[in-house]
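Here is how the chains run, residue by residue.
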Amino acid sequence: MQDILNDICKTITAEPNKGKVASYIPELACIDPEQFGISVALPDGQVFNAGSAHQLFSIQSISKVFTLTIALGKLGDAIWSRVGREPSGDPFNSIVQLEHESGKPRNPFINAGAIAVTDAIMMGHKPRETLGEILQFVRFIADDNSIGIDEKVAQSEKLTGDRNASLAHFMAAFGNLKNPVEQVLGTYFHHCSISMSCEQLAQAGLFLVSDGINESTGFRVVSAQRARRINSLMMMCGHYDGSGEFAYRVGLPGKSGVGGGILAIAPGKASIAVWSPGLDSIGNSKLGTQALELLVQKTGWSIFGH
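In this text, all values refer to a predicted model and were calculated from it rather than measured experimentally.

*Asks:* Honestly, the overall build of the protein in this entry has me stumped. Any pointers?
*Replies:* The helix and strand inventory of the protein stands at 13 helices and 10 strands. Scaling as 2.2 N^0.38, a compact globule of 306 residues should have a C-alpha radius of gyration of about 19 Å, and the protein matches this with 18 Å. The proportion of buried residues among the 306 residues of the protein is 57%. For the protein, the proportion of contacts with a sequence separation of at least 24, taken over those separated by at least 6, is 69%. Surface exposure of the protein reaches about 12300 Å², of which carbon and sulfur atoms provide 50%.

*Asks:* How should the sheet that holds strand β5 (residues 194-196) be read in this particular structure?
*Replies:* Paired through backbone hydrogen bonds, the strands of a sheet run either parallel or antiparallel to each other. In spatial order, the strands read β3-β5-β4; together these three strands make up an open sheet with antiparallel pairing. Two strands lie at the open edges of the sheet, namely β3 (57-58) and β4 (148-149), each paired on one side alone. Two strands pair when backbone bridges link them, and β3 and β5 are joined in this way by two bridges, in the antiparallel orientation. From the neighbouring strand, Ser-58 faces β5, where its bridge partner is Ser-195. The sheet contacts of helix α6 (residues 127-142) involve β4 and β5, and relative to β5 the element is tilted by about 15 degrees.

*Asks:* Please clarify how the nonpolar core should be interpreted in this entry.
*Replies:* Note on soluble globular proteins: their nonpolar side chains tend to be buried together. Of all hydrophobic cores here, the largest spans 46 residues; its most connected members are Phe-66, Ile-79, Ile-194, Met-196, Leu-201 and Leu-208. If you list the elements that add at least two residues to this core, you get α3 (63-75), α5 (111-122), α6, β5, α10 (198-204), α11 (224-237), β9 (261-266) and β10 (270-275). If you look at the next biggest cluster of nonpolar residues, it comprises 25 residues, including Leu-5, Ile-8, Ala-50 and Val-274.

Reading the values: rules and limits
- Residues numbered from 1 in each chain as written.
- Predicted model: local features only at pLDDT ≥ 70, side-chain atom pairs only at ≥ 80, totals over all residues.
- Heavy atoms only, no water.
- Helix = DSSP H or I, 4+ residues; strand = E, 2+ residues; numbered from the N terminus.
- Rg over C-alpha atoms; globule rule 2.2 N^0.38 Å.
- Buried < 20%, exposed > 50% of the residue type's maximum accessible area, 1.4 Å probe, protein only.
- Contact = heavy atoms within 4.5 Å.
- Areas by Shrake-Rupley, 256 points an atom, 1.4 Å probe, with all protein chains shown as cover.
- Pairing = 2+ DSSP bridges.
- Axes fitted to C-alpha atoms, helices over the stretch in contact; angles between N-to-C directions.
- Core = buried A, V, L, I, M, F, W, Y, C linked by side-chain atoms within 4.5 Å.

Following this line, the structure appears as structure tokens:
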């Protein structure tokens, strides 16, 4: 495995076109696009790294996997009255479908859906308490208490978050937000600003590899059925309107973030995290996707067969 990752890292870092960083968030605009990291965590506790696998980065929308997991634990299937389970086919910050579908977002991984999920898990609590719960959960599943929030990124998102504010107010107008919009947005911006390395992120995804159990720690995080359903949503919706292309090229459940990270799950095999800040035209890591495509080719881990 280490030889495979070293080869992928060598190939990927030689690529001349590394995509473009997310310039609409000022704190992300200044990240060096030349960086690349990859980590593979196995259920038996082994972790393999290459490149900048220990460099911290803003996980952004990958955090939506963790907030959805919390919401399913708190509300169960009742969460689906607030957000759908269908691919959107539109950009991650689109407002078009919200108007057509009465303020109910298509899925929990587009921005509107994640804002609705954030509202659902707040349950009347203040942002600080909810953030503490989210951070505690991420630290628990990653088995790492050093994980924190990048406050500069959170403030940068808040200052440039007019589109997300529009989505939130639109949902509130349809009665699909129960808490004050400003508090929901503050919580949302902060959980998207959780800062992790590839190694920490790969460790955090391990519970989705083995039917809800992190076998390296022995803890059951969710039921087997719930783990499979989270993976299915990642497969269908984890890369926004690029989800079909990612399934076609990589063939694994995955969730991307505009910070350049991707968490991918090979059920029964491994949790994989890649990071390269340069994005493609849809907003997914350009080299991260290429790296995962190479990894699947070399390992045969696609869920669709060798």
